[in-house]
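# Coordinate analysis (summary)
Now for the letters of each chain:
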Protein chains: 2
Amino acid sequence: MYRPQNLRIPGPTFVPQTVLNATARPMINHRGPEFAALMAGLTRALQDYLNTQNDVLLVTASGSGGMEAAIANTLSSGDRVLLFVNGAFGEKFASICKAYGVDARRVDVPWGRAVEPDLVRDELAKEKGKDAAKAVLITHNETSTGVLNPLREISEVVRESDKLLIVDSISGAGGVELLVDDWGLDVVVSASQKAWGAPPGVAIVTMSEKAWKAYERSTLPKSYFDLRAHKAALEKGATPATPAVSVFIGLQESLRLMAEEGQDAIIKRHRDLAHATRRGLQALNLAVFGDERYASPCVTAFRMPARVDARNLIRILRDDYDTVIGGGQGRLEGQIARVGHMGFVTLQDIVAFFGALEPALKDLNQPVEPGQSISAVLRAYAETAAPPARPARGAARRDGADPVAARR
Amino acid sequence: MYRPQNLRIPGPTFVPQTVLNATARPMINHRGPEFAALMAGLTRALQDYLNTQNDVLLVTASGSGGMEAAIANTLSSGDRVLLFVNGAFGEKFASICKAYGVDARRVDVPWGRAVEPDLVRDELAKEKGKDAAKAVLITHNETSTGVLNPLREISEVVRESDKLLIVDSISGAGGVELLVDDWGLDVVVSASQKAWGAPPGVAIVTMSEKAWKAYERSTLPKSYFDLRAHKAALEKGATPATPAVSVFIGLQESLRLMAEEGQDAIIKRHRDLAHATRRGLQALNLAVFGDERYASPCVTAFRMPARVDARNLIRILRDDYDTVIGGGQGRLEGQIARVGHMGFVTLQDIVAFFGALEPALKDLNQPVEPGQSISAVLRAYAETAAPPARPARGAARRDGADPVAARR
């Protein structure tokens, strides 16, 4: 029986058919001119999208591999760093630091809360003298809690210091505003399977000039993740080791689709669909987890009704309604569920999600009126969506503006 | 214009259409039951194919990442290892050791020659006492020279010692005989894009019990490549970080096709096509590079005629005849070319290769009679191919035997 899934985990995200088709193109030589052209195009498109002139390096690995590359290429054993943790991916940074003997001073913020700029300022003030932290490590979008840390404001604070700013934006980049150069982000990590809507297998890492200076001093062992080797290979249109060619080709097609839509439209779509998702959940009396002021445009976590284990709801959604969402990670397992709305996600995907959530909750003996969340979703979306402007003749963009050109 | 390529580099190899199609299936949850079933099936199929009960771990990375995992998981900084180098991939092992502070005692063998068991015995005899090497590192199939080191015989020698035996069989496994358990190989590394005929992105690493004991003592930093984390995740049907899902699905389909053909038939096909390739080259007066006694069944390197730069021949083959072969690596650049014949390769692919090589050589003013190499190829193949036995009723195998059952 044909049972298509509504894949609503926060990554891997839904991959459009044209991207899947691109992924399935015949294999090519990873040292030939076709691949060199692919690398050049990918690099340019990612630099555009990340608003940066910095080097953008593509590493065949998951996002965690990119986080490891960020650390191994800029730090040395015993180096002190200031690490803000407000979820499972902050913990991931901590675990990589530990593995490499990097002395991470953790500042823990309760899961579901954001890292506020004032906290960063206070903690940075303690980092003076010769043993002071050399870098600040922070998660941009905390996939485990649905919180988007206010990176722009945090970067302003960090820029007042001499610290390197290393950002895990694995599940943020591509879906939310991210001005790598304007915000002075030294290392930013993302991954192909998140808002970029390509299959997993490629980590994206940006390196600023300051990050390259740190590379020169860094003594942590690195071979596969050596970013200077990646940069040297890229100058010849290649990678140091055999790349995940099919994922690279898929990512190229994703970026083509994203360029058609435009960066500002994508960011707005993510924000609006996240808003609509939260309103839908609230209409079902499901509490959104975390501080709504910092609600992620990419993933929404929500609490269970009394006496419902999230694992049960997730199982019913999957087995009976072909809708796949994420569970709570670490200490939140069983307590929350997480619905992803990043990448190539539409209003209809969100409506379909609630069209599964409502009957699933009913199966769990929760009081639900058919459509009660969906009307809230549609209403919320209508409020936020741009008034339908008549596009200029020949213009593909619905709002008639070219936000990329406007920014330049 | 439709110009299909004959991709004859030694990896990434040609990927069959059904494998490409599998690669393009809709994305699935990497933490769900479908992926768990995929992992279980992949592990079992690879254990079968590698003739091992050892753990087989799948790491989202190229083969080089797998080599790094082999070292980082079994050794400590300052550990001494005995490393045999007879090509570019032996050099790769050396470079990883250097990056990690592993003290590799190199034994260099001229490129194109094999590492002979007697040499291994002599060198091992020097490794006594408390500073003795803890491990022997060796390349199985040296992709850069077309030499297959006699691993079975080497492993017999190493087994007389207490050393860990770490093998890069990235471009060997799947195409040549490899009995991981019988030969006592502690760590074996391969990669999806070589003889397995899947897209690149997945490294395959086997770990013996002895290798796991070495893991316990190992202090090299590891996080992304931490194989114990991979083993723990595998027990739950998952991977520690997001895997290259589409490549995993492609590899599953490759393994299905390989199981249809059968391990012995695949090994014989590689051997026979390699033999036919060498005869074809010789018919064109092109000298096969390296010691023919150890000629690789997976890749053949050959020297150029006088006054021909290999880079020119490679360019003409690519631009005018849509045939993509590899060049010389490192010190052999310009001197040799390398034609891959591993994975899903047929007699017709080899014939097509010579159907491009002949006119390309003619374009380079070499004396060539049309078909002179192809008749040699077909003749050589006819000599080696099994006499067409009538298959037993209902048996799919051409030779009527079940080598896997026979081995058990």
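Our structure is the block above this text.
Residues numbered from 1 in each chain as written. Chains lettered and ligands numbered in written order. Predicted model: local features only at pLDDT ≥ 70, side-chain atom pairs only at ≥ 80, totals over all residues. Heavy atoms only, no water.

### Quick word on the side chain of N149(A)
All names here are of chain A. Note the following rule: Strands are runs of DSSP state E lasting at least two residues, helices are runs of H or I lasting at least four, and both sets are numbered from the N terminus onward. Think of a polar contact as two N or O atoms within 3.5 Å of one another; within protein, one of them needs to be a possible hydrogen donor and the other a possible acceptor, and neighboring residues in sequence only count if both atoms come from side chains. Between two residues, a contact is recorded if the distance between any of their heavy atoms is within 4.5 Å.
Inspection of the secondary structure assignment puts N149 in the loop between β7 (147-148) and α6 (151-159). Here V115 takes part through its backbone nitrogen, which lies 2.7 Å from a polar atom of the side chain of N149. The contacts of N149, once residues within four sequence positions are left out, are N86, A114, V115, I138, T139, H140 and I154.

### Some remarks on the interface of chain B and chain A
So the rule is basically this: A quick way to say it: buried area is the sum, across both parts, of accessible area lost when two parts are put together, with a 1.4 Å probe. One side-chain nitrogen of Lys or Arg within 4 Å of one carboxyl oxygen of Asp or Glu is enough to make a salt bridge.
Between chain B and chain A, the contact holds 46 residues from the first and 46 residues from the second. Of the roughly 3400 Å² buried at the junction of chain B and chain A (both faces included), carbon and sulfur atoms supply 64%. Among the residues of chain B in contact with chain A, M27(B), S223(B) and Y224(B) are the three that bury the most area, contributing 16% of the side total. At the surface where chain B touches chain A, the tally comes to 0 salt bridges. Scanning the region where chain B abuts chain A turns up 6 residue pairs in polar contact (both at pLDDT 80 or more). Listed by contribution, the elements that provide at least two residues to the side of chain B that touches chain A are α1 (17-23), α2 (33-50), α3 (63-72), α4 (88-99) and α9 (245-261) of chain B.

### Examining the sheet that holds strand β4 (residues 103-108) of chain A
Residue and element names in this part refer to chain A. Rule in force here: The pairing criterion for strands is at least two bridges between them, as found by DSSP. Under this scheme, a helix contributes an axis fitted over its contacting stretch, all axes are lines through C-alpha atoms, and angles between N-to-C directions fall in the 0 to 180 degree range.
Pairing in this open sheet of 7 strands is mixed, and the strands run β2-β10-β9-β8-β5-β3-β4 from one edge to the other. In this open sheet, the two edge strands, each paired with only one partner strand, are β2 (55-60) and β4. Adjacent strand axes in the sheet meet at a mean angle of 20 degrees when their direction is disregarded. Bridge analysis of strand β3 (residues 80-85) against strand β5 (residues 135-139) gives 3 bridges, and the strand direction is parallel. Counted as the bridge partner of L83 is L137 from β5.

### A few points about helix α7 (residues 209-217) of chain B
Since the α-helix advances by 3.6 residues per turn, residues separated by three or four positions end up pointing in the same direction. Residue and element names in this part refer to chain B. Using the following cut-off: To sort residues, take the accessible area from a 1.4 Å probe on protein chains only and compare it with the maximum for the residue type: under 20% means buried, over 50% means exposed, and anything in between is partly exposed. The arc in question is formed by the directions pointing from the helix axis toward the C-beta atoms.
Three or more residues of α7 are buried, namely A211, W212, A214 and Y215. Angular distribution of buried residues about the axis of α7 spans 155 degrees; they occupy a single face of the element. Relative to its buried face, α7 has exposed residues pointing more than 90 degrees away, namely E209, K213, E216 and R217. Elements that come into contact with the buried residues of α7 comprise β2 (55-60), β8 (164-168), β9 (187-191), β10 (202-207) and α8 (227-235).

### Remarks on the sheet that holds strand β14 (residues 336-340) of chain A
Residues and elements named next belong to chain A. Reading across from one edge, β11-β14-β13 is the order of the 3 strands in this open sheet, with antiparallel pairing throughout. Lying at the two open borders of the sheet, with one neighbouring strand each, are β11 (299-303) and β13 (326-327). The sheet strands contacting helix α10 (residues 263-283) are β11 and β14, and the helix crosses β11 at an angle near 15 degrees. Where helix α11 (residues 310-321) meets the sheet, it contacts β11, β13 and β14, and its direction lies at approximately 40 degrees from that of β14.

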